[in-house]
Amino acid sequence: MSEVSGNRIRVLDEATINKIAAGEVVERPASVVKELLDNSIDAHATEIRVEVKGAGTELITVTDNGKGMSREDSTLAFTKHATSKIGHIDDLEKVLTLGFRGEALSSIAAVAKVYLTTREKDNISGTKVVVSGGAIENVLEVGAAPGTTIAVESLFYNTPARKKYLKSMRTELAHITDVVTRHAFGHPEISFTLISDGKVLVRSPTSGEIFDSIVYLLGSESAKKLIPVEFESDIVKINGYISKPELSRSGTDQQYFFINGRGVASKSISNAVRLGYYNLIPKGRFPVAVLDLELDLTEVDVNVHPAKRYVRMSHEREVCDAVTLAVENALKVEQLVPEISLPEKKLAQTVLVEQVEENREEVPE
């Protein structure tokens with residue numbers, strides 16, 4: 001006879017539910033930076049400053065000059081699925097904001113100690129909210145500059161197993177740098193600064209032009225080897241820059257793709273770009289690319305991943321074909337002979353030889 005036992009299925013408590021759910025959104029310090037940057041951009045900030053200590057495990061501070069929040073909104077923001085971005089399920093079909101799920105702040109607060117200071121421009125004073133382990137500990141009236149500052153301390157302090165699986169500080173900092181860089185490319189109208197342990201790693205002043213951002217973020221030498229891409233079909237409009245074949249990398253780390261201004265990870269778009277080069281670059285090498293794709297909002301589903309890294313396109317094959325054609329067209333019209341820079345000494349010798357040749361031609365036979 002089988003042994004009869006008591007009920008084995010139980011409803012988890014709220015704290016455990018929040019910690020599990022947070023894992024879908026907050027994978028590493030860079031995840032926190034991404035979500036906070038999304039919120040700052042949605043708040044119409046023109047200046048965003050990110051400071052981290054210990055590659056983000058000790059402290060992440062994001063400060064913006066955006067709209068700020070009222071006292072009521074600043075406390076409600078930590079409630080799961082509370083958002084100002086959408087109000088109805090139909091809004092998901094045409095969402096323009098980077099954040100919309102109402103999960104970011106609640107998920108971050110579930111696995112860290114969070115201090116939010118915010119002030120709306122028209123208010124005399126601001127609000128400071130202290131949250132630890134998902135619970136609001138204090139709400140204070142404080143003096144503050146217009147905008148919002150969120151400090152995230154001791155990430156994963158209450159989930160040590162998750163913290164144990166983080167990579168080295170160098171790797172985690174590289175992920176944070178990549179997140180800030182991608183946001184800066186996607187929003188050249190905003191000034192971004194990243195500081196790690198007192199050292200400036202990224203600084204992208206407001207310009208409004210993506211090429212200016214490329215100069216600041218990738219360097220002038222790389223910028224000189226990029227060519228513009230402009231293409232439009234019935235379903236997609238493509239703008240941006242790709243590298244000449246002479247500039248390639250061993251990986252796709254310098255490929256930045258945006259759909260309607262939203263930074264996305266897309267292997268299919270990356271493959272489409274590579275296909276456009278055909279045999280112009282060696283096998284195993286990848287071009288640099290910064291491309292923005294503009295699609296009908298109803299043709300893109302942005303609600304397929306909690307961290308919003310991936311999107312689903314209704315006509316992905318046609319979009320990727322357009323990307324390949326756009327790359328092919330850009331390469332056709334560009335002079336692809338690589339520039340050869342000679343040292344000054346070598347250049348002087350070349351000029352001297354040319355002068356000798358000219359003199360020889362002038363001597364009568």
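Placed above this text is the structure.
Because the structure is a prediction, the values reported are computed rather than measured.

*Asks:* Tell me about the sheet that holds strand 6 (residues 147-153), residues and numbers included.
*Replies:* Strand order in the open sheet made by the eight strands is 5-4-3-6-2-1-7-8, with mixed pairing throughout. Each edge of the sheet is formed by a strand with only one pairing partner; in this case those strands are strand 5 (135-142) and strand 8 (199-204). Between one strand and the next, the sheet's axes are offset by a mean angle of 10 degrees, whatever the strand orientation. Across seven bridges, strand 3 (residues 113-119) lies against strand 6 in antiparallel orientation. Residue pairing in the sheet places V114 in a bridge with V152 of strand 6. Its contacts with the sheet put helix 2 (residues 29-42) on strand 1 (47-53), strand 2 (59-64), strand 6 and strand 7 (191-196), and the angle it makes with strand 2 is roughly 10 degrees.

*Asks:* Give a detailed account of the pattern of salt bridges, specifying residues and quantitative values.
*Replies:* If you walk through the whole model with that rule in mind, you get seven salt bridges. As a salt-bridge pair, D38 and K34 come within 2.9 Å of each other at their nearest N and O atoms. Residue D38 and its partner K34 are located together in helix 2, separated by four residues, close to a single helical turn. Accessibility expressed as a relative area gives 15% for K34, which makes it buried.

*Asks:* How would you explain the nonpolar core if you had to name every residue and give the values?
*Replies:* Generally speaking, soluble globular proteins have nonpolar side chains that are buried together. L37 and V152 are the most contacted members of the largest nonpolar core, which has 52 residues in total. Within the second largest apolar cluster, 29 residues are counted, among which are L293, M313, V323 and A330.

*Asks:* For the sheet that holds strand 10 (residues 237-243), give the residues involved together with the corresponding values.
*Replies:* With respect to topology, five strands assemble into an open sheet ordered 9-10-15-12-13, the strand pairing being mixed. Each edge of the open sheet carries a strand with a single partner, namely strand 9 (226-232) and strand 13 (262-264). Across the sheet, the axes of successive neighbouring strands diverge by a mean angle of 20 degrees, strand direction being ignored. Sheet analysis places strand 10 next to strand 15 (residues 289-294), joined by six bridges and oriented antiparallel. Opposite G240, over in strand 15, you have L291 as the bridge partner. Set on the sheet, helix 6 (residues 169-186) makes contact with strand 12 (255-259) and strand 15; between it and strand 12 the angle comes to about 55 degrees. The strands that helix 10 (residues 316-333) touches are strand 9, strand 10 and strand 15; relative to strand 9, the one it contacts most, it runs at about 130 degrees.

Conventions and cut-offs
- Residues numbered from 1 in each chain as written.
- Predicted model: local features only at pLDDT ≥ 70, side-chain atom pairs only at ≥ 80, totals over all residues.
- Heavy atoms only, no water.
- Pairing = 2+ DSSP bridges.
- Helix = DSSP H or I, 4+ residues; strand = E, 2+ residues; numbered from the N terminus.
- Axes fitted to C-alpha atoms, helices over the stretch in contact; angles between N-to-C directions.
- Contact = heavy atoms within 4.5 Å.
- Salt bridge = Lys/Arg side-chain N within 4 Å of Asp/Glu carboxyl O.
- Buried < 20%, exposed > 50% of the residue type's maximum accessible area, 1.4 Å probe, protein only.
- Core = buried A, V, L, I, M, F, W, Y, C linked by side-chain atoms within 4.5 Å.

Everything listed is a geometric property; what it means functionally is a separate question.
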